[in-house]
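Structural overview
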Amino acid sequence: MRNKRALWVALLVLGILAVPLTLVISNELKLADEEYVFKFKCEARDPIDVMRGRYIRLTFNNTIEDSTSKLKTLPVGSKAYVTVTRDANGWGVFQAISESVPDHAAYFETQVMYSWDHFIRFAIPFDKFYMNEEDAPRAENVYREGIQGNTEVYAEVTIKNGTCLLREVYINGETMHNYLQSH
Amino acid sequence: MQFTDKIFYKKLNLITIALLAVLSISGGVIALFAHNWDDFPRVVRIILSFVPVLLGIAVFVYMELKKYPSVVWREASSVFFMFMLGSSLAMIGQVYNMGGSFADLMFNWMVLSIPIIYVANSSLAAITYLIGIAVWVFANSLGRMFFFIPSFEAIEQNNWYWILLLAIAPHLYFNVKKQLSDPKSLVLTWALAISVMTAAGFTFRHHTIMGVTLLAASMYALGRLYHGNNTQWWKRPLSSIGIYGMLYLLLIISSKGALREYVRWEGYVSYDRPSFMDDDFMRGDSGHDWIYYLSYVVMLGMAYWIVVSFLREYKANPKHVNYFNYAVVPMVLLAIILEVMGTDTITRILLNLFLLAWGGFYIYQSVKMQLPWLALFGFLVLTITLLVRYFDMEMSFYLKGLIYVGIGSAALYFNKVYSEMKIEGKDAE
């Protein structure tokens, strides 16, 4: 009886530990992959998550023109795939949106937010950048104060085979963390 | 073990204090990590993110090895394990800037917590889970609601609540069925009733108000069957929560403009014309027909259950039937039909008169049955109704003032009579 119970407890502990371990390993593998790193220009705001702390919410130009209007009838919340590419200056661009899995690797899975005319707006699954609780409001202020000047914010994201991972947020070429330390 | 048992009270105190301690420590750990120690290198932060779950496991395994017979240890260590698991998941999400809302995190956390409930057979962990899944439903609906009714997309996701609830049905079955009036059963039933009643309104995709009213009335009827005429409200959780649910609903729909907006939102009227005869009325517009048909089956089932329960009670003793509680469902149905017909003012007057009569009925019953707490509920109904109406009723301050003073004076007079009543030979002070 005692051994049987010990077995159940061991299974529980191993099962529970497997989840965070899997999360760490899969994310480390994504970070190690440099080939599918894209840079997207964005804006920054500062909300709070009760368990994960403060973060800056990044907003992107997440609207795609669907010239065929095929996806217009998709209900809000439907699963969709967005392919990404780089423009002539090396910036990431959301290229196309489809209902089926694209045939090349640079795409991520998302949900349709709404559509109008030939346009579709989709959710961005890499819009949260967690920061120290003192730095996050400062980051927003820096962004807001610099918005009339030449402050440029961009996010570096790994996008591959439907998954994505926000690696870093840069402000005027420096990582957000370093920028806040030096200003 | 019964409520009168001294050992029971000692155990209850120990469990309560241990739970408060666990909640406090867990909250502290979560807050400490939520600070975000991003000065540390990533590898340190990854190691740190495992600290809470390892701590939870350590306490849990220690309980298994050394303290298993202790209910206090078993319950407290299971809840601690659950919270520490949540903290670690949150930390990893933070380190890797993983997307997803707070609701997504709650969902994953609750699903992963299910085995803890079963391995430890912990009812406090089950209660935490019941609260957690209700919080998930609410969090998932935030920002996507209109008059407390979530958008269709949110409701579709929220229906996972019933599957999550099903996941702990075996635990509830084995722990509640044993003895319905047992303290552990009662606490579990309270948590279940609160969780279901809170979440239900966010899960009915179509005919939301009718669905929630039927659920509240079904819960009331189920409570009558299992906990009978128990005179202590806290010993009959299902019927108590059922009544509070019905009261809350009546207060909402009797507010100015609420029912009008609701019948438009549901599509009962289009361009202020009844649309009962439209082709898509029965089906809605999501394309998920089976959800609609299933919801009709569930609603008809609940209606059948309410009628059967009413007849059973009526046959047993017509004098013991609380006709007002059973009248809420037809009242709400009538209100919706009247609203669709365009008689907004009459509907609101009718609903408010019903609420006032309901409160009055409880006060009358209180005097008749010599149960003062019934009057407390009656005055609560009257006061809340009048308080809510103060803000949305177009009535002169002069008249409002007279009504409020009248109700207040009646309550004070009741208190005077109540304080002079003899209870078990002693003066009730």
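Scroll up to find the structure this text is about.
Below: a short report on this structure. Everything numeric here is computed off the predicted structure, so don't read it as measured data.

Reading the values: rules and limits
Residues numbered from 1 in each chain as written. Chains lettered and ligands numbered in written order. Predicted model: local features only at pLDDT ≥ 70, side-chain atom pairs only at ≥ 80, totals over all residues. Heavy atoms only, no water. Helix = DSSP H or I, 4+ residues; strand = E, 2+ residues; numbered from the N terminus. Buried < 20%, exposed > 50% of the residue type's maximum accessible area, 1.4 Å probe, protein only. Contact = heavy atoms within 4.5 Å. Areas by Shrake-Rupley, 256 points an atom, 1.4 Å probe, with all protein chains shown as cover. Pairing = 2+ DSSP bridges. Axes fitted to C-alpha atoms, helices over the stretch in contact; angles between N-to-C directions. Buried area = accessible area lost by both parts, 1.4 Å probe. Salt bridge = Lys/Arg side-chain N within 4 Å of Asp/Glu carboxyl O. Polar contact = N/O pair within 3.5 Å; in protein donor to acceptor, adjacent residues only side chain to side chain. Parallel < 35°, antiparallel > 145°, perpendicular 65-115°, else oblique. Left-handed = near helix turned anticlockwise from the far one by under 90°. Arc of directions from axis to C-beta. Core = buried A, V, L, I, M, F, W, Y, C linked by side-chain atoms within 4.5 Å. Expected span 1.5 Å × (residues − 1). Phe/Tyr/Trp six-rings, centres within 6.5 Å; stacked < 30°, edge-to-face > 60°. Lys NZ or Arg CZ within 6 Å of the ring centre and 35° of its normal.

**Comments concerning the overall build of chain B**
The secondary structure content of chain B amounts to 17 helices and six strands. Taken across its 429 residues, chain B has 49% of its residues classed as buried. Pairs at least 24 apart in sequence give 68% of the contacts found in chain B among residues at least 6 apart. Here chain B displays about 21100 Å² of accessible surface, and carbon together with sulfur accounts for 71% of that area.

**Overview of the overall build of chain A**
Scanning chain A from N- to C-terminus turns up three helices and 13 strands. Projected onto the principal axes, the alpha-carbon positions of chain A cover approximately 70 × 50 × 30 Å. Put simply, chain A has 183 residues, and 47% of those count as buried. Intrachain contacts of chain A at a sequence separation of at least 6 include 64% that bridge at least 24 residues. Of the accessible surface of chain A, which amounts to about 9700 Å², a share of 52% is contributed by carbon and sulfur atoms.

**A look at the environment of A10(A)**
Residue and element names in this part refer to chain A. Take A10: it is sitting in helix α1 (residues 2-32). Take A10: its relative accessible area is 34%, and that puts it in the partly exposed class. Along the backbone, A10 and Y107 are 97 residues apart, and their C-alpha atoms lie at a distance of 39 Å.

**Considerations on the sheet that holds strand β9 (residues 119-122) of chain A**
All names here are of chain A. The five strands are arranged β5-β9-β8-β6-β7 in an open sheet whose pairing can be described as antiparallel. The open sheet is flanked by β5 (63-65) and β7 (92-98), the only strands paired with a single partner. Averaged over all adjacent pairs, the angle separating strand axes in this sheet is 45 degrees, with direction ignored. Relative to β7, strand β6 (residues 79-86) runs antiparallel, the two being bridged by six bridges. Looking across to β7, one finds that T85 is bridged to V93.

**Quick notes on the interface of chain A and chain B**
Listed per partner, the contact involves 39 residues of chain A and 42 residues of chain B. Each partner contributes to the roughly 3600 Å² buried at the junction of chain A and chain B, and carbon and sulfur atoms together form 64% of this total. The tally of links between chain A and chain B comes to two salt bridges. Our count for the chain A to chain B interface comes out at 16 residue pairs in polar contact (both at pLDDT 80 or more).

**A short note on the environment of K30(A)**
Residues and elements named next belong to chain A. Tracing the backbone shows K30 in helix α1. C-alpha of K30 to C-alpha of E133: the two residues are 103 residues apart in sequence and 26 Å apart in space. Apart from the residues within four sequence positions on either side, K30 is in contact with T158, T163, C164, L165 and R167.

**Describing the packing of helix α9 (residues 183-200) of chain B against helix α10 (residues 208-227) of chain B**
All names here are of chain B. Direction vectors running N to C along α9 and α10 enclose 165 degrees, while the axes themselves pass 10 Å from each other. Considering the angle they form, α9 stands roughly antiparallel to α10. Every pair of crossing elements has a handedness; the one defined by α9 and α10 is right-handed. On the side of α9, the interface is formed by L186, T189, A193, V196, M197 and A200, while α10 contributes V212, L215, A216, M219 and H227.

**Notes on the side chain of D135(A)**
Residue placement: D135(A) occurs in helix α2 (residues 135-146). If we ignore the near neighbours within four places in the chain, the residues touching D135(A) are H177(A), L180(A) and D38(B).

**Some details on the side chain of N62(A)**
Residue and element names in this part refer to chain A. Turning to its location among the elements, N62 is positioned in the loop between β4 (53-59) and β5. The exposure class of N62 is buried, given its relative accessible area of 12%. At a separation of 2.7 Å, a polar atom in the side chain of N62 contacts the main-chain carbonyl oxygen of F122. Setting aside chain neighbours within four positions, we find N62 in contact with M113, I120, R121, F122 and I124.

**A closer look at helix α7 (residues 160-167) of chain B**
All names here are of chain B. Along α7, the positions that sit buried rather than exposed are Y161, L164 and L165. The buried residues of α7 occupy an angular sector of 100 degrees when projected down its axis, which confines them to one face. Summarising the contacts, the buried residues of α7 are in contact with α4 (102-120), α5 (123-141), α6 (152-158), α8 (169-176) and α9.

**A look at the nonpolar core**
Judged by nonpolar contacts, the single largest core of 122 residues is most densely connected at Y129(B), L250(B), I336(B) and W358(B). Counting residues per element, this core draws most heavily on helix α3 (residues 71-95) of chain B, which supplies 14 residues. Contacts of L250(B), omitting those with residues within four sequence positions, involve V328(B), V332(B), L351(B), F354(B), L355(B) and W358(B). The next biggest cluster of nonpolar side chains, apart from the first, holds 40 residues, and it includes I56(A), A106(A), Y143(A) and I171(A).

**Observations concerning helix α16 (residues 372-392) of chain B**
In an α-helix, one full turn covers 3.6 residues, which means residues spaced three or four apart are oriented alike. Residue and element names in this part refer to chain B. Its 21 residues give α16 an end-to-end C-alpha distance of 31 Å, which sits within 8% of 30 Å, the value for a rise of 1.5 Å per residue. Every buried residue belonging to α16 is among P372, L374, A375, F377, G378, F379, V381, L382, T385, L386, R389 and D392, and all of these are buried. Next to the buried residues of α16 lie α11 (237-253), α15 (344-369) and α17 (397-420).

**Brief notes about the sheet that holds strand β12 (residues 163-171) of chain A**
All names here are of chain A. Spatially, β1-β11-β12-β13 is the arrangement adopted by the four strands of the open sheet, whose pairing is antiparallel. Because the sheet does not close on itself, it has two edges, and the strands there are β1 (37-41) and β13 (174-175). Of the pairings in the sheet, the one linking β1 to strand β11 (residues 153-160) comprises five bridges and is antiparallel in character. Residue pairing across strands places F40 opposite A155, the latter belonging to β11.

**Description of the packing of aromatic side chains**
Evaluation of the coordinates by the stated rule reveals 34 aromatic pairs over all chains. Summarising the aromatic geometry, the rings of Y81(A) and Y107(A) are spaced 5.9 Å apart at their centres and angled 75 degrees between planes, so their arrangement reads as edge-to-face. Of the two residues, Y81(A) sits in strand β6 while Y107(A) sits in strand β8 (residues 107-116), which places them 26 residues apart along the sequence. Exposure class is identical for Y81(A) and Y107(A). Each is buried. Relative to F354(B), the ring of F324(B) lies with its centre 5.6 Å away and its plane at 50 degrees, an arrangement referred to as tilted. Pair noted here: F324(B) is in helix α14 (residues 323-340) and F354(B) is in helix α15, with a separation of 30 residues, a long-range link. For F324(B), a relative accessible area of 22% gives the class partly exposed. Positioned over the ring face of W91(A) is K39(A), at 5.4 Å from the centre of the ring. One residue, K39(A), lies across the ring of Y154(A), its end atom 5.4 Å from the ring centre.

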